[in-house]
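Chain and residue survey
One letter stands for each residue in the lines below.
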Amino acid sequence: MGIFKNILIPKNSLPKFNNKITMLLLSGGEMKRGVNFFLIFLFVSITLNSQPYLMSFADVSKDNIVFTLENDLWIVSINGGEARRITDAAGEETYAKFSPDGKQLAFTAHYDGGTDVYVMNTDGSKPVRLTYHPADDLVLDWFPDGKHILFRSIREYPIRNYHIYKVSVDGGMPYKLPVDQAGVTSLSPDGKSIVYNRLSREFRTWKRYKGGWAEDLWIGNLEKRDYQKITDFEGTDNWPMWYDGYIYFVSDRTDGTLNLFKYNIENKTTTQLTFYKDYDVRYPSVGPDHIIYQYDEELYLFDLKTEQSSKVKLSINSDKQIGKTIISDIENYSGGFGLSPNGSRVIIDLRGEILNLPAGKGVEYNLTNTSASREKNPIWSPDGKSVLFISDKTGEEELYLVNPDGGEWKQLTKNGFGFRMQPVWSPESKYIIFSDK
(Lines give C-alpha, C1' and ligand atoms only; values in the text may rest on other atoms or scores of the structure.)
Protein backbone atom coordinates (compact mmCIF):
# COMPACT_ATOMS: atom_id res chain seq x y z
CA MET A 1 0.00 0.00 0.00
CA GLY A 2 1.34 3.46 -0.88
CA ILE A 3 0.93 6.68 1.04
CA PHE A 4 -1.10 9.55 -0.41
CA LYS A 5 -1.13 12.92 1.29
CA ASN A 6 -1.85 16.58 0.72
CA ILE A 7 0.58 19.19 2.05
CA LEU A 8 -0.59 22.77 2.32
CA ILE A 9 2.33 25.19 2.52
CA PRO A 10 1.72 27.71 5.33
CA LYS A 11 1.75 31.41 4.51
CA ASN A 12 4.93 31.99 6.50
CA SER A 13 6.70 29.34 4.46
CA LEU A 14 6.19 30.87 1.03
CA PRO A 15 4.90 34.43 1.42
CA LYS A 16 2.19 35.54 -1.02
CA PHE A 17 2.21 32.13 -2.67
CA ASN A 18 -0.86 29.93 -2.51
CA ASN A 19 0.74 26.63 -3.36
CA LYS A 20 -0.68 23.20 -2.91
CA ILE A 21 1.71 20.27 -3.11
CA THR A 22 0.48 16.73 -3.43
CA MET A 23 3.00 13.96 -2.75
CA LEU A 24 2.44 10.41 -3.90
CA LEU A 25 4.70 7.79 -2.35
CA LEU A 26 4.93 4.49 -4.15
CA SER A 27 6.94 1.51 -2.95
CA GLY A 28 8.59 -1.09 -5.11
CA GLY A 29 11.79 -2.95 -5.90
CA GLU A 30 14.16 -4.48 -3.41
CA MET A 31 17.18 -3.31 -1.47
CA LYS A 32 20.17 -5.47 -0.75
CA ARG A 33 19.90 -7.87 2.19
CA GLY A 34 16.16 -8.23 1.82
CA VAL A 35 15.17 -4.61 2.54
CA ASN A 36 12.67 -3.16 0.07
CA PHE A 37 13.88 -0.16 -1.82
CA PHE A 38 11.22 2.47 -2.10
CA LEU A 39 10.77 4.50 -5.25
CA ILE A 40 9.28 7.78 -4.31
CA PHE A 41 7.56 10.07 -6.70
CA LEU A 42 6.71 13.68 -6.08
CA PHE A 43 3.60 14.89 -7.81
CA VAL A 44 3.46 18.65 -7.62
CA SER A 45 0.36 20.63 -8.48
CA ILE A 46 0.83 24.35 -8.08
CA THR A 47 -1.99 26.87 -7.98
CA LEU A 48 -0.60 30.37 -8.25
CA ASN A 49 -1.81 33.83 -7.33
CA SER A 50 -1.85 36.72 -9.74
CA GLN A 51 1.81 37.64 -9.04
CA PRO A 52 3.58 34.30 -8.39
CA TYR A 53 6.88 35.28 -9.92
CA LEU A 54 10.34 35.33 -8.40
CA MET A 55 12.28 37.89 -10.42
CA SER A 56 16.01 38.02 -9.80
CA PHE A 57 19.32 39.46 -11.06
CA ALA A 58 17.64 42.67 -12.21
CA ASP A 59 19.37 45.71 -13.65
CA VAL A 60 18.07 49.16 -14.52
CA SER A 61 18.88 51.75 -17.16
CA LYS A 62 17.42 55.22 -17.54
CA ASP A 63 14.35 53.80 -19.29
CA ASN A 64 14.12 50.03 -18.72
CA ILE A 65 14.48 47.16 -16.31
CA VAL A 66 15.84 43.73 -17.19
CA PHE A 67 15.54 40.65 -14.98
CA THR A 68 15.74 36.86 -14.99
CA LEU A 69 12.54 34.82 -14.74
CA GLU A 70 11.95 31.20 -15.74
CA ASN A 71 15.63 31.05 -16.77
CA ASP A 72 15.07 33.74 -19.43
CA LEU A 73 15.63 37.48 -19.66
CA TRP A 74 12.65 39.84 -19.55
CA ILE A 75 12.51 43.59 -20.12
CA VAL A 76 9.99 46.17 -18.91
CA SER A 77 9.72 49.94 -18.77
CA ILE A 78 11.14 51.59 -15.66
CA ASN A 79 7.57 52.83 -15.10
CA GLY A 80 6.26 49.26 -15.01
CA GLY A 81 3.65 47.72 -17.29
CA GLU A 82 3.77 44.48 -19.23
CA ALA A 83 7.15 42.73 -19.24
CA ARG A 84 8.38 41.12 -22.44
CA ARG A 85 10.50 37.96 -22.72
CA ILE A 86 13.57 38.67 -24.86
CA THR A 87 15.31 35.26 -24.69
CA ASP A 88 13.82 31.80 -25.06
CA ALA A 89 16.79 29.47 -25.51
CA ALA A 90 17.04 26.14 -23.66
CA GLY A 91 19.85 27.47 -21.48
CA GLU A 92 19.63 29.91 -18.57
CA GLU A 93 20.39 33.63 -18.86
CA THR A 94 21.42 35.63 -15.78
CA TYR A 95 23.44 38.67 -14.59
CA ALA A 96 22.16 40.93 -17.36
CA LYS A 97 23.62 44.45 -17.32
CA PHE A 98 22.67 47.43 -19.49
CA SER A 99 25.42 49.17 -21.43
CA PRO A 100 26.09 52.81 -20.44
CA ASP A 101 23.90 54.04 -23.35
CA GLY A 102 21.16 51.53 -22.51
CA LYS A 103 21.14 50.02 -25.99
CA GLN A 104 22.86 46.68 -25.28
CA LEU A 105 22.86 43.96 -22.65
CA ALA A 106 25.79 41.94 -21.39
CA PHE A 107 24.74 38.70 -19.72
CA THR A 108 25.85 35.23 -18.71
CA ALA A 109 24.26 32.31 -20.55
CA HIS A 110 24.39 28.54 -20.21
CA TYR A 111 24.66 27.66 -23.90
CA ASP A 112 26.59 24.99 -25.79
CA GLY A 113 27.74 23.22 -22.64
CA GLY A 114 29.41 26.29 -21.13
CA THR A 115 28.62 29.32 -18.99
CA ASP A 116 29.93 32.32 -20.87
CA VAL A 117 29.62 36.05 -21.43
CA TYR A 118 27.35 37.26 -24.23
CA VAL A 119 26.27 40.65 -25.51
CA MET A 120 23.14 41.53 -27.50
CA ASN A 121 20.74 44.34 -28.27
CA THR A 122 18.11 45.15 -25.65
CA ASP A 123 15.38 43.75 -27.92
CA GLY A 124 17.05 40.33 -27.74
CA SER A 125 18.55 40.44 -31.23
CA LYS A 126 22.09 39.67 -32.38
CA PRO A 127 23.54 37.79 -29.40
CA VAL A 128 27.33 37.43 -29.62
CA ARG A 129 29.47 35.11 -27.51
CA LEU A 130 32.54 36.75 -25.98
CA THR A 131 34.19 34.08 -23.78
CA TYR A 132 35.01 30.42 -24.41
CA HIS A 133 36.65 29.16 -21.24
CA PRO A 134 35.41 25.94 -19.52
CA ALA A 135 35.06 27.83 -16.22
CA ASP A 136 31.90 29.81 -15.47
CA ASP A 137 32.14 33.46 -16.56
CA LEU A 138 29.76 35.72 -14.60
CA VAL A 139 29.03 39.24 -15.83
CA LEU A 140 29.66 42.02 -13.28
CA ASP A 141 29.55 45.40 -15.01
CA TRP A 142 30.26 47.45 -18.11
CA PHE A 143 33.28 49.69 -18.33
CA PRO A 144 32.28 53.36 -18.72
CA ASP A 145 33.56 53.40 -22.32
CA GLY A 146 30.80 50.96 -23.31
CA LYS A 147 33.39 48.90 -25.22
CA HIS A 148 34.43 46.42 -22.52
CA ILE A 149 32.72 44.14 -20.00
CA LEU A 150 33.89 43.18 -16.54
CA PHE A 151 33.31 39.58 -15.45
CA ARG A 152 34.51 37.16 -12.79
CA SER A 153 35.65 33.59 -13.22
CA ILE A 154 37.43 30.78 -11.38
CA ARG A 155 40.05 29.96 -13.97
CA GLU A 156 43.11 29.54 -11.78
CA TYR A 157 44.23 27.82 -8.59
CA PRO A 158 43.02 27.98 -5.86
CA ILE A 159 39.73 26.88 -7.37
CA ARG A 160 37.54 28.63 -4.79
CA ASN A 161 38.91 32.09 -5.57
CA TYR A 162 37.34 34.31 -8.21
CA HIS A 163 39.44 36.64 -10.36
CA ILE A 164 38.13 39.51 -12.45
CA TYR A 165 38.62 39.98 -16.19
CA LYS A 166 38.04 42.55 -18.89
CA VAL A 167 36.81 41.54 -22.34
CA SER A 168 36.05 43.62 -25.43
CA VAL A 169 32.54 43.62 -26.92
CA ASP A 170 34.32 42.94 -30.21
CA GLY A 171 35.71 39.68 -28.82
CA GLY A 172 39.28 38.59 -28.31
CA MET A 173 41.22 37.29 -25.34
CA PRO A 174 40.08 38.50 -21.90
CA TYR A 175 42.56 40.48 -19.80
CA LYS A 176 42.96 39.58 -16.14
CA LEU A 177 42.87 42.66 -13.92
CA PRO A 178 45.64 43.12 -11.31
CA VAL A 179 43.72 42.02 -8.21
CA ASP A 180 44.73 38.98 -6.16
CA GLN A 181 41.11 37.77 -5.89
CA ALA A 182 37.68 39.36 -6.23
CA GLY A 183 34.04 38.31 -6.28
CA VAL A 184 31.25 40.85 -6.74
CA THR A 185 32.92 43.99 -8.12
CA SER A 186 31.85 47.46 -9.24
CA LEU A 187 33.81 50.02 -11.26
CA SER A 188 34.32 53.67 -10.39
CA PRO A 189 32.69 56.21 -12.76
CA ASP A 190 36.01 56.69 -14.59
CA GLY A 191 36.71 52.94 -14.76
CA LYS A 192 40.11 53.31 -13.10
CA SER A 193 39.24 52.00 -9.63
CA ILE A 194 37.11 49.22 -8.20
CA VAL A 195 35.21 48.32 -5.06
CA TYR A 196 34.86 44.61 -4.45
CA ASN A 197 34.40 41.63 -2.15
CA ARG A 198 37.55 39.54 -1.94
CA LEU A 199 35.46 36.57 -0.83
CA SER A 200 32.35 35.36 -2.63
CA ARG A 201 29.63 34.02 -0.37
CA GLU A 202 26.62 35.98 -1.58
CA PHE A 203 24.64 32.93 -2.73
CA ARG A 204 25.10 30.80 0.37
CA THR A 205 22.12 30.56 2.69
CA TRP A 206 24.09 31.37 5.84
CA LYS A 207 21.92 33.84 7.73
CA ARG A 208 23.77 36.10 10.19
CA TYR A 209 27.08 34.45 9.31
CA LYS A 210 30.14 35.75 11.20
CA GLY A 211 32.80 33.18 10.41
CA GLY A 212 35.96 33.12 8.33
CA TRP A 213 34.06 33.69 5.08
CA ALA A 214 32.43 36.91 6.26
CA GLU A 215 32.55 39.46 3.43
CA ASP A 216 34.04 42.96 3.61
CA LEU A 217 34.40 45.73 1.06
CA TRP A 218 37.74 46.59 -0.50
CA ILE A 219 38.60 49.57 -2.68
CA GLY A 220 41.59 50.47 -4.82
CA ASN A 221 43.02 51.90 -8.02
CA LEU A 222 43.76 49.33 -10.74
CA GLU A 223 46.99 51.08 -11.76
CA LYS A 224 48.31 51.91 -8.29
CA ARG A 225 47.05 48.62 -6.81
CA ASP A 226 46.54 50.38 -3.48
CA TYR A 227 43.74 48.10 -2.32
CA GLN A 228 42.46 48.57 1.21
CA LYS A 229 39.56 47.32 3.28
CA ILE A 230 36.89 49.92 4.03
CA THR A 231 34.52 47.87 6.22
CA ASP A 232 35.30 45.85 9.32
CA PHE A 233 31.91 44.50 10.39
CA GLU A 234 32.19 40.87 11.51
CA GLY A 235 29.12 39.86 9.48
CA THR A 236 28.12 40.41 5.85
CA ASP A 237 28.96 43.46 3.71
CA ASN A 238 28.47 42.61 0.05
CA TRP A 239 27.08 43.58 -3.41
CA PRO A 240 29.12 46.84 -3.59
CA MET A 241 27.99 49.47 -6.13
CA TRP A 242 30.05 52.58 -6.91
CA TYR A 243 27.91 55.63 -7.65
CA ASP A 244 29.20 59.18 -7.63
CA GLY A 245 31.10 59.68 -4.33
CA TYR A 246 29.43 56.79 -2.52
CA ILE A 247 29.73 53.05 -2.25
CA TYR A 248 26.29 51.47 -1.93
CA PHE A 249 26.19 47.97 -0.51
CA VAL A 250 24.12 45.40 1.39
CA SER A 251 24.77 44.46 5.02
CA ASP A 252 23.12 42.62 7.92
CA ARG A 253 24.96 44.75 10.50
CA THR A 254 21.87 46.09 12.32
CA ASP A 255 19.52 43.21 13.12
CA GLY A 256 20.58 40.25 10.99
CA THR A 257 18.51 41.22 7.94
CA LEU A 258 20.31 42.37 4.79
CA ASN A 259 19.54 46.03 4.10
CA LEU A 260 20.88 48.70 1.80
CA PHE A 261 23.61 51.07 3.09
CA LYS A 262 25.88 53.74 1.61
CA TYR A 263 29.50 54.57 2.44
CA ASN A 264 30.78 58.11 1.91
CA ILE A 265 34.21 57.77 0.30
CA GLU A 266 35.36 61.22 1.42
CA ASN A 267 34.42 61.25 5.11
CA LYS A 268 34.20 57.45 5.53
CA THR A 269 30.77 57.47 7.18
CA THR A 270 28.11 54.79 6.66
CA THR A 271 24.34 55.40 6.47
CA GLN A 272 21.52 52.85 6.48
CA LEU A 273 18.99 53.35 3.66
CA THR A 274 16.42 50.55 4.00
CA PHE A 275 15.03 49.10 7.21
CA TYR A 276 13.49 45.72 6.42
CA LYS A 277 13.23 43.28 9.30
CA ASP A 278 11.79 40.20 7.57
CA TYR A 279 13.21 39.57 4.08
CA ASP A 280 16.67 40.45 2.80
CA VAL A 281 17.56 42.93 0.09
CA ARG A 282 18.82 40.67 -2.69
CA TYR A 283 20.76 41.13 -5.94
CA PRO A 284 20.99 44.96 -5.98
CA SER A 285 22.25 46.69 -9.10
CA VAL A 286 22.84 50.39 -9.70
CA GLY A 287 21.74 52.34 -12.75
CA PRO A 288 21.86 56.00 -13.81
CA ASP A 289 19.22 57.14 -11.30
CA HIS A 290 18.16 54.09 -9.28
CA ILE A 291 19.26 50.95 -7.52
CA ILE A 292 17.02 48.01 -8.30
CA TYR A 293 16.79 45.08 -5.91
CA GLN A 294 14.70 42.05 -5.03
CA TYR A 295 12.70 42.12 -1.81
CA ASP A 296 10.38 39.18 -1.08
CA GLU A 297 9.42 38.06 -4.61
CA GLU A 298 9.04 41.62 -5.91
CA LEU A 299 11.38 44.14 -7.54
CA TYR A 300 11.93 47.55 -5.93
CA LEU A 301 13.53 50.75 -7.20
CA PHE A 302 15.56 52.87 -4.80
CA ASP A 303 15.66 56.48 -6.03
CA LEU A 304 19.21 57.76 -5.57
CA LYS A 305 18.01 61.37 -5.23
CA THR A 306 15.08 60.98 -2.85
CA GLU A 307 16.47 57.82 -1.18
CA GLN A 308 12.99 56.28 -1.23
CA SER A 309 12.02 52.80 -2.45
CA SER A 310 8.99 51.92 -4.55
CA LYS A 311 7.72 48.60 -5.87
CA VAL A 312 7.90 48.01 -9.60
CA LYS A 313 4.33 47.40 -10.78
CA LEU A 314 4.48 45.06 -13.71
CA SER A 315 2.55 42.22 -15.30
CA ILE A 316 3.92 39.04 -16.84
CA ASN A 317 2.17 36.92 -19.44
CA SER A 318 3.94 33.58 -19.19
CA ASP A 319 3.10 30.04 -20.18
CA LYS A 320 4.30 29.08 -16.66
CA GLN A 321 6.27 26.22 -18.14
CA ILE A 322 8.38 25.71 -15.02
CA GLY A 323 5.24 25.68 -12.86
CA LYS A 324 3.46 22.92 -14.74
CA THR A 325 2.45 19.66 -13.08
CA ILE A 326 5.36 17.23 -13.01
CA ILE A 327 6.16 13.79 -11.66
CA SER A 328 9.66 13.74 -10.22
CA ASP A 329 11.50 10.56 -9.26
CA ILE A 330 13.28 11.44 -6.01
CA GLU A 331 14.82 8.02 -5.46
CA ASN A 332 18.28 9.58 -5.43
CA TYR A 333 17.44 12.38 -2.99
CA SER A 334 17.66 10.45 0.25
CA GLY A 335 19.63 11.66 3.25
CA GLY A 336 20.12 9.98 6.62
CA PHE A 337 18.82 6.44 7.12
CA GLY A 338 19.04 3.43 9.40
CA LEU A 339 17.39 0.22 10.58
CA SER A 340 15.22 -0.17 13.64
CA PRO A 341 16.87 -2.06 16.53
CA ASN A 342 15.22 -5.34 15.50
CA GLY A 343 15.87 -4.77 11.80
CA SER A 344 12.21 -4.96 10.78
CA ARG A 345 11.89 -1.36 9.62
CA VAL A 346 13.98 1.32 7.92
CA ILE A 347 13.91 5.03 8.70
CA ILE A 348 15.01 7.54 6.07
CA ASP A 349 14.83 11.25 5.33
CA LEU A 350 13.64 12.07 1.82
CA ARG A 351 13.26 15.63 0.58
CA GLY A 352 12.84 16.98 4.09
CA GLU A 353 10.44 14.34 5.41
CA ILE A 354 11.19 11.50 7.86
CA LEU A 355 9.66 8.21 6.72
CA ASN A 356 9.33 4.96 8.69
CA LEU A 357 9.03 2.14 6.18
CA PRO A 358 8.76 -1.65 6.56
CA ALA A 359 11.70 -3.81 5.54
CA GLY A 360 9.14 -6.18 4.03
CA LYS A 361 5.39 -5.70 3.91
CA GLY A 362 3.66 -3.46 6.40
CA VAL A 363 2.42 0.00 7.26
CA GLU A 364 4.29 3.07 6.06
CA TYR A 365 4.49 6.19 8.25
CA ASN A 366 5.41 9.77 7.47
CA LEU A 367 6.61 10.93 10.89
CA THR A 368 6.98 14.64 10.13
CA ASN A 369 4.46 15.48 7.38
CA THR A 370 5.26 19.15 7.03
CA SER A 371 6.25 21.20 3.99
CA ALA A 372 7.11 24.32 5.99
CA SER A 373 10.41 22.97 7.31
CA ARG A 374 13.18 20.50 6.59
CA GLU A 375 13.72 17.41 8.72
CA LYS A 376 16.90 15.35 8.50
CA ASN A 377 19.38 13.00 10.24
CA PRO A 378 16.85 10.55 11.76
CA ILE A 379 18.15 7.97 14.23
CA TRP A 380 16.29 5.30 16.15
CA SER A 381 16.76 5.04 19.91
CA PRO A 382 18.43 1.76 20.93
CA ASP A 383 15.27 0.71 22.83
CA GLY A 384 13.17 1.29 19.69
CA LYS A 385 10.72 3.63 21.45
CA SER A 386 11.66 6.96 19.84
CA VAL A 387 13.03 8.50 16.68
CA LEU A 388 15.41 11.46 17.01
CA PHE A 389 15.81 13.97 14.17
CA ILE A 390 16.81 17.55 13.35
CA SER A 391 14.30 20.15 12.13
CA ASP A 392 14.47 23.85 11.29
CA LYS A 393 10.77 24.52 11.95
CA THR A 394 11.61 27.29 14.46
CA GLY A 395 13.98 28.96 12.01
CA GLU A 396 16.99 27.31 13.66
CA GLU A 397 18.10 23.69 13.66
CA GLU A 398 16.89 21.92 16.80
CA LEU A 399 16.61 18.31 18.00
CA TYR A 400 13.23 16.60 18.28
CA LEU A 401 11.77 13.25 19.33
CA VAL A 402 8.75 11.53 17.83
CA ASN A 403 7.13 8.13 18.26
CA PRO A 404 7.97 5.56 15.55
CA ASP A 405 4.37 5.68 14.31
CA GLY A 406 4.17 9.50 14.29
CA GLY A 407 2.32 11.97 16.47
CA GLU A 408 3.36 15.09 18.33
CA TRP A 409 7.03 16.06 18.33
CA LYS A 410 8.98 16.73 21.52
CA GLN A 411 11.54 19.55 21.20
CA LEU A 412 14.81 18.81 23.02
CA THR A 413 16.98 21.86 22.26
CA LYS A 414 16.42 25.60 21.91
CA ASN A 415 18.24 28.66 20.61
CA GLY A 416 20.40 26.69 18.20
CA PHE A 417 22.23 29.62 16.64
CA GLY A 418 23.98 27.56 13.98
CA PHE A 419 24.08 24.10 12.44
CA ARG A 420 23.45 20.90 14.39
CA MET A 421 25.49 17.86 13.42
CA GLN A 422 24.51 14.17 13.45
CA PRO A 423 23.29 13.21 16.98
CA VAL A 424 24.17 9.88 18.63
CA TRP A 425 22.22 7.94 21.27
CA SER A 426 23.78 6.45 24.39
CA PRO A 427 23.36 2.64 24.57
CA GLU A 428 20.66 2.79 27.30
CA SER A 429 18.60 5.43 25.35
CA LYS A 430 18.91 8.01 28.15
CA TYR A 431 21.34 10.52 26.63
CA ILE A 432 22.07 12.11 23.29
CA ILE A 433 25.38 13.63 22.21
CA PHE A 434 25.75 16.06 19.29
CA SER A 435 27.93 18.90 18.05
CA ASP A 436 27.15 22.22 16.42
CA LYS A 437 28.84 24.72 14.09
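Just so it is clear, the structure is predicted and the values come from calculations on it, not from any experiment. (Residues numbered from 1 in each chain as written. Predicted model: local features only at pLDDT ≥ 70, side-chain atom pairs only at ≥ 80, totals over all residues. Heavy atoms only, no water.)

What to know about the overall build of the protein chain
Of regular secondary structure, the protein chain possesses zero helices and 40 strands. Here the protein chain holds 437 residues, and 51% of them are scored as buried. Contacts spanning at least 24 positions in sequence make up 36% of the contacts within the protein chain whose residues lie at least 6 apart. For the protein chain, the computed accessible surface area is about 22300 Å², with 49% contributed by carbon and sulfur atoms. (Helix = DSSP H or I, 4+ residues; strand = E, 2+ residues; numbered from the N terminus. Buried < 20%, exposed > 50% of the residue type's maximum accessible area, 1.4 Å probe, protein only. Contact = heavy atoms within 4.5 Å. Areas by Shrake-Rupley, 256 points an atom, 1.4 Å probe, with all protein chains shown as cover.)

Description of the pairing of strand β14 (residues 148-153)
Most of β14 is tucked away: five of the six residues are buried. Relative to β14, strand β13 (residues 137-142) runs antiparallel, the two sharing five bridges. Looking at the pairing, Leu138 lines up with Arg152 of β14. Remark: five residues form the turn of the hairpin made by β13 and β14, two consecutive strands paired antiparallel; Gly146 in that turn has positive phi of roughly 70°. Inspection of the sheet shows β14 paired to strand β15 (residues 163-168) by six bridges, in the antiparallel sense. Of the residues in β15, the one forming a bridge with Arg152 is Ile164. (Pairing = 2+ DSSP bridges.)

Quick notes on the side chain of Ser61
Mapped onto the fold, Ser61 is located in the loop between β4 (56-60) and β5 (64-69). Separated by 3.3 Å, the side chain of Ser61 and the backbone nitrogen of Asp63 make a polar contact. Leaving out residues up to four positions away in the same chain, Ser61 has contacts with Ile78, Phe98, Gly102 and Pro288. (Polar contact = N/O pair within 3.5 Å; in protein donor to acceptor, adjacent residues only side chain to side chain.)

Some words on the confidence of the model for the protein chain
For the protein chain, mean pLDDT is 86; residues scoring 70 or higher make up 87% of the total. Low pLDDT, under 50, characterises residues 1-50; the stretch is placed with 119 contacts to residues that sit more than four places away or in other chains. (pLDDT = per-residue confidence, 0-100.)

Considerations on the sheet that holds strand β22 (residues 246-251)
Strand order in the open sheet made by the four strands is β21-β22-β23-β24, with antiparallel pairing throughout. Looking at the sheet topology across the chains shown, the edges are occupied by β21 (237-243) and β24 (270-272). Across this sheet, the average inter-strand angle for adjacent strands is 25°, counted without regard to direction. Relative to strand β23 (residues 259-264), β22 runs antiparallel, the two sharing six bridges. Of the residues in β23, the one forming a bridge with Val250 is Leu260. (Axes fitted to C-alpha atoms, helices over the stretch in contact; angles between N-to-C directions.)

Some thoughts on the sheet that holds β15
Taken together, four strands build an open sheet; the order of strands is β13-β14-β15-β16 and the sheet is antiparallel. Since the sheet does not close on itself, it has two edges, and those belong to β13 and β16 (175-176), each with one partner.

Topic: the pattern of salt bridges
The full count for this structure, using the stated rule, is 20 salt bridges. Two residues, Arg253 and Asp237, come together in a salt bridge whose shortest N-O distance is 2.9 Å. Within this pair, whereas Arg253 is found in the loop between β22 and β23, its partner Asp237 is found in strand β21, the two being separated by 16 residues in sequence. Of the residues examined, Asp237 reaches a relative accessible area of 0% and is grouped as buried. What you see here is one network of salt bridges that share partners, running through Glu70, Asp72 and Arg85. (Salt bridge = Lys/Arg side-chain N within 4 Å of Asp/Glu carboxyl O.)

With respect to the packing of aromatic side chains
Applying the stated criterion to the full structure yields 24 aromatic pairs. With centroids separated by 6.1 Å and ring planes inclined at 70°, the aromatic side chains of Phe57 and Phe203 adopt a geometry described as edge-to-face. Of this pair, Phe57 sits in strand β4 while Phe203 sits in the loop between β18 (193-196) and β19 (218-221); the two residues are 146 residues apart in sequence, bridging distant segments of the chain. Classification of Phe203 by relative accessible area gives partly exposed; the value is 37%. When the ring of Tyr243 is compared with that of Tyr248, the centres are 6.3 Å apart and the planes differ by 70°; the resulting orientation is edge-to-face. Of the residues examined, Tyr243 reaches a relative accessible area of 25% and is grouped as partly exposed. Chaining the aromatic ring pairs together yields one cluster made of Phe57, Tyr95, Phe203, Trp239 and Tyr283. Positioned above the aromatic ring of Trp218, the side-chain terminus of Arg198 is 5.3 Å from the ring centre. (Phe/Tyr/Trp six-rings, centres within 6.5 Å; stacked < 30°, edge-to-face > 60°. Lys NZ or Arg CZ within 6 Å of the ring centre and 35° of its normal.)

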